[in-house]
Amino acid sequence: MNDILAQDTPRWQFIEQTVGDVLAAYGYQEIRLPIVEKTELFKRSIGEMTDIVEKEMYTFEDRNGDSLTLRPEGTAGCVRAVIQNGLIYNQQQRFWYAGPMFRHERPQKGRYRQFHQIGVEAFGMPGPDVDAEVIAISDRIFRRLGIDTVTLEINTLGTASCRAAYRDVLVQYFRDHQAALDEDSLRRLESNPLRILDSKNPAMQAVIAAAPQLADYLDDESRAHFDRLRELLDRLNIRYRLNPRLVRGLDYYTHVVFEWVTDRLGAQNAVCSGGRYDGLVSQLGGSVTPAVGFALGLERTVALLELSGHAGISREPQVYLVCAGEQAELVGLSLAEQLRNEVPDLRVQCNCGGGSFKAQLKRADRSGAEIAVILGEREANSGQAQIKPLRVDREQMTVGLDTVAETIVSWLGTQVDGDQPA
Ligand code: HAM
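Residues numbered from 1 in each chain as written. Predicted model: local features only at pLDDT ≥ 70, side-chain atom pairs only at ≥ 80, totals over all residues. Heavy atoms only, no water.

(A) Just the overall build of the protein, in detail. Each helix and strand in the protein was counted, giving 15 helices and 18 strands. Over its C-alpha atoms the protein spans a radius of gyration of 28 Å, topping by over 25% the 22 Å that the globule rule assigns to 422 residues. Relative to its full complement of 422 residues, the protein shows a buried share of 51%. For the protein, the accessible surface area stands at approximately 20,200 Å², while carbon and sulfur atoms represent 47% of it. Charged side chains of the protein number 47 positive and 59 negative; the gap between the two group centres comes to 3 Å. (Helix = DSSP H or I, 4+ residues; strand = E, 2+ residues; numbered from the N terminus. Rg over C-alpha atoms; globule rule 2.2 N^0.38 Å. Buried < 20%, exposed > 50% of the residue type's maximum accessible area, 1.4 Å probe, protein only. Areas by Shrake-Rupley, 256 points an atom, 1.4 Å probe, with all protein chains shown as cover. Lys, Arg positive; Asp, Glu negative; His and termini not counted. Charge placed at Lys NZ, Arg CZ, Asp CG, Glu CD.)

Now the structure itself:
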């Protein structure tokens with residue numbers, strides 16, 4: 001679990017703001033959900049036999065003896081919320097949420113025990129038009145962020161019934177090749193055989209490559225759904241790679257599953273993942289409601305943004321107010337407020353805690369500000385201030401207090417219009 005410190009938050013804010021803007025452009029509304037849910041919810045939705053539920057959940061008993069779990073992902077809680085609040089009864093909904101998720105995994109680069117997602121869920125539309133829409137959202141997010149080191153992979157798991165037929169064939173195949181399976185896969189053979197296909201064990205790649213493919217067991221409906229989605233993606237110019245081995249680690253998926261992967265983050269290659277889950281709402285007690293969504297992993301997105309050289313949104317002060325002496329302090333603090341009144345987006349940091357001119361100018365420089373406004377006793381008494389360039393290319397000058405704002409605005413040019421890329 002990481003602290004996200006001030007040198008990193010500009011990239012987080014850039015991502016959060018960009019994703020929020022993109023989602024608004026597609027008509028998705030934000031909802032905010034609890035971090036803790038009943039343990040049962042995750043068992044029933046993600047699946048008893050998945051890695052997450054078997055070994056990664058932070059589960060505890062509360063004072064009433066109820067078993068609660070820190071959410072390992074957002075879809076289950078979102079479905080619980082839309083059922084409980086009656087939001088999907090005969091209605092379509094498009095929602096997004098953001099926040100921390102918790103999985104007790106073995107930490108490594110890009111894999112943490114508290115991590116953050118922005119999740120997107122669309123309810124009440126059977127697709128594949130809305131499948132194409134959510135994929136287009138994820139595509140636009142990466143383009144807006146300037147991240148071009150990700151590739152889209154898609155697959156279809158078909159309907160629950162054709163997957164069941166395929167499951168039987170697969171179990172038979174792996175039983176016939178039992179000697180080639182590692183311990184983990186032997187365990188999964190009865191419980192969750194599709195996950196064997198996901199194994200990264202190099203010694204098993206040959207037996208996996210030769211395994212029967214789900215594509216050969218799809219029914220007509222599943223095939224038509226997937227073909228239409230591919231046609232829509234082609235029309236939207238969204239490039240993808242078909243990955244018949246993509247099965248995902250959560251049990252609720254049907255039809256399309258997708259993942260944006262990268263080779264820049266070591267073993268943790270999925271940056272954004274999702275798919276359709278038509279059975280989940282009814283499985284959790286709601287009426288039959290088709291649904292599709294994805295979640296963007298923020299730590300991995302931040303890491304890719306950093307590799308691309310993007311510094312994020314700077315919120316460093318633009319102006320540092322130096323004031324030495326009692327009168328200067330009085331005038332200085334009110335001048336700073338006046339500047340914030342006159343130029344609402346301007347970021348002004350005031351020197352507090354005294355110090356010599358030299359010490360204050362050092363702080364001014366360290367603050368990252370472009371400009372120092374300097375008030376000594378002489379300036380304070382004569383109603384003037386010195387404007388000193390720290391990073392802008394200008395000559396130091398002395399101006400009347402009522403023209404400080406004007407001078408700063410002209411020195412900073414367009415930079416005072418809200419948030420700036422650093
Ligand atoms: P997921 O694949 O488990 O899907 O997680 C989505 C994303 O969260 C991953 O692609 C990855 O970027 C990030 N992530 C997962 N685990 C970690 C970790 N331990 N450390 C850092 N990042 C991580 C879901 O959670 C589904 N709820 C997505 C979804 C929404 N499907 C439909 N709607």
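(B) Quick peek at the pattern of salt bridges. Evaluation of the coordinates by the stated rule reveals 21 salt bridges. Salt bridges sharing common partners tie together Asp-51, Lys-55, Arg-188, Arg-195 and Asp-198. (Salt bridge = Lys/Arg side-chain N within 4 Å of Asp/Glu carboxyl O.)

(C) Representation of the site of the ligand. Taken together, 26 residues lie near the ligand, and Glu-73, Glu-105, Glu-121, Tyr-253 and Ser-273 sit nearest. A distance of 2.8 Å separates an oxygen atom of the ligand from a polar side-chain atom of Arg-103. Taking Tyr-253, its side chain carries an N or O atom lying 2.6 Å from a nitrogen atom of the ligand. In the complex, the protein chains occlude 96% of the 670 Å² of accessible area that the ligand would expose alone. Contributions of two or more residues to the shell around the ligand are made by β6 (114–123), β10 (270–276) and β11 (291–297). At six residues, the largest contribution of residues to the shell around the ligand is made by β10. (Near = heavy atom within 4 Å. Polar contact = N/O pair within 3.5 Å; in protein donor to acceptor, adjacent residues only side chain to side chain.)

(D) Representation of a nonpolar patch on the surface. A contiguous nonpolar patch, built from Ile-35, Val-36 and Phe-60 and spanning about 200 Å² of accessible area, is present on the exposed surface. With respect to the secondary-structure elements, Val-36 resides in strand β2 (residues 36–38). The class for Val-36 is partly exposed, based on a relative accessible area of 30%. (Patch = residues over 30% accessible without salt bridge, like charges linked within 9 Å, V, L, I, M, F, W, Y side chains within 5 Å.)

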